[in-house]
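Residue-level structural notes
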Amino acid sequence: MARTQNDAKRLVGQTVADMITAGMVLGLGTGSTAAMAIKALGERISREGLEVKGIPTSFASERLARENGIPLTTLDEHPAVDLAFDGADEFDPGLALIKGRGAAHTREKIVAAQARSFVVLVDESKRVSRLGERMPLPVEVVPMAVAPVMTVLRKLGGDPVLRMGVKKDGPVVTDQGLWILDAAFDHGMGDLDAVNMTLLQTPGVLDHGLFLDMATTVLVGRDDGTVERLDRR
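Remember, it's a predicted structure, so these values are computed and weren't measured experimentally.

**With respect to the overall build of the chain**
- Assigned secondary structure in the chain consists of six helices and 13 strands.
- Against the compact-globule benchmark of 17 Å for 233 residues, the chain has a radius of gyration of 17 Å, which places it among compact chains.
- Seen along its three principal axes, the alpha-carbon backbone of the chain occupies a region of about 55 × 40 × 35 Å.
- Evaluated residue by residue, the chain yields a buried proportion of 51% over its 233 residues.

**Side note on helix α5 (residues 146-155)**
- Within α5, the full set of buried residues consists of V146, V149, M150 and L153. Here the buried residues of α5 occupy an arc of 105° about the axis, which is enough to place them on one side. Exposed residues pointing more than 90 degrees away from the buried face of α5 are listed as A147 and K155.

**A look at the pairing of strand β12 (residues 217-221)**
- Of all the five residues making up β12, five are buried; the element is thus mostly covered by neighbouring parts of the structure.
- Along β12, one buried face is formed by T217, L219 and G221 and the opposite face, lined by V218 and V220, is buried too.
- With five bridges joining them, strand β6 (residues 115-123) and β12 adopt parallel strand pairing. Note that in β12 the partner of L121 across the bridge is L219.
- As paired elements, β12 and strand β13 (residues 227-231) share five bridges and run antiparallel to each other. The residue of β13 that forms the bridge with V218 is L230.
- Linking β12 to β13, which pair antiparallel, is a turn of five residues; within it G225 sits at a positive phi near 85°.

**Examining the packing of aromatic side chains**
- Enumeration according to the criterion identifies one aromatic pair in this entry.
- With a centroid separation of 6.3 Å and an interplanar angle of 35°, the aromatic rings of F118 and F211 are classed as tilted. Here F118 is found in strand β6, whereas its partner F211 is found in strand β11 (residues 210-211), with 93 residues between them in sequence.
- Judged by its relative accessible area of 2%, F118 is buried.
- The aromatic ring of F211 is capped on one face by K109, whose charged end is 5.0 Å from the ring centroid.

**Re the sheet that holds strand β4 (residues 90-91)**
- Ordered by their spatial adjacency, three strands build an open sheet running β4-β5-β11, and the pairing between neighbours is antiparallel. Edge positions in the sheet fall to β4 and β11, since each has one partner strand and no second.

**Let's talk about the pattern of salt bridges**
- This model, assessed by the stated rule, comprises 17 salt bridges.
- Of the charged contacts in the structure, one is a salt bridge between E67 and R63, with a shortest N-O distance of 3.5 Å. Separated by four residues within a single helix, E67 and R63 lie in helix α3 (residues 59-67), roughly one turn from each other.
- Overlapping salt bridges bring together E124, R127, R222, D224 and E228 as one network.

**A word on the sheet that holds β13**
- Within the open sheet, the six strands sit side by side as β2-β1-β3-β6-β12-β13. Their pairing is mixed. Because the sheet does not close on itself, it has two edges, and the strands there are β2 (53-56) and β13. The sheet shows a mean angle of 20° between the axes of neighbouring strands, direction not considered.
- Note that strand β3 (residues 81-87) and β6 share six bridges and pair parallel. The residue bridging V81 from the neighbouring strand is A115, located in β6.
- Packed onto the sheet, helix α2 (residues 32-48) meets β1 (25-28), β3 and β6 and runs at close to 130° relative to β3.

Calculation criteria
- Residues numbered from 1 in each chain as written.
- Predicted model: local features only at pLDDT ≥ 70, side-chain atom pairs only at ≥ 80, totals over all residues.
- Heavy atoms only, no water.
- Helix = DSSP H or I, 4+ residues; strand = E, 2+ residues; numbered from the N terminus.
- Rg over C-alpha atoms; globule rule 2.2 N^0.38 Å.
- Buried < 20%, exposed > 50% of the residue type's maximum accessible area, 1.4 Å probe, protein only.
- Arc of directions from axis to C-beta.
- Pairing = 2+ DSSP bridges.
- Phe/Tyr/Trp six-rings, centres within 6.5 Å; stacked < 30°, edge-to-face > 60°.
- Lys NZ or Arg CZ within 6 Å of the ring centre and 35° of its normal.
- Salt bridge = Lys/Arg side-chain N within 4 Å of Asp/Glu carboxyl O.
- Axes fitted to C-alpha atoms, helices over the stretch in contact; angles between N-to-C directions.
- Contact = heavy atoms within 4.5 Å.

Any functional reading would require information that these geometric values do not contain.
Now the structure itself:
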């Protein structure tokens, strides 16, 4: 029984680990749910001698993969990824996602875009009818562009704030050395395509946490200990 959120994360992590076959090149996501999958994959490698290669999406996932005995590679060596797995902060009925609470969404999106299959691992709390209902949209920006990008986000209906460090003074700094703006939307986002294109065309924005038409499968860990599988049409 998936009695807690961690149980649900562990359940979907094990499910995706069981989907992996010998010889695959894998995208290794970032965050607590992806970490469960990385650990489950490491157990299969140790137990079965499963031969795979992983491409980490952050310094954190790289370190965890090494600790769990997963051989690593890069997109330079393997530009085609067989399967990428990662968590999400929200998903809607069309399997669009918000990601980026771990500030790794830019690298996660790069790896997911190269994957034949992108499997998203969530618990039931991440399901929404409209993206932005509960979680803000992260936007990775060049520091000098914070003010103008905030203006653009307000015009899109968002309320942006600079993400600050919890145990350090100053803003959160990404693996790329940039900053994160978190834009809350009172009633969720409207036209996702318009938000996506507007932000990508704004100078100073590296990328944002909207993942549109990318997830091929979403695995939802349920409270009753089962996994719901949703496939994009």
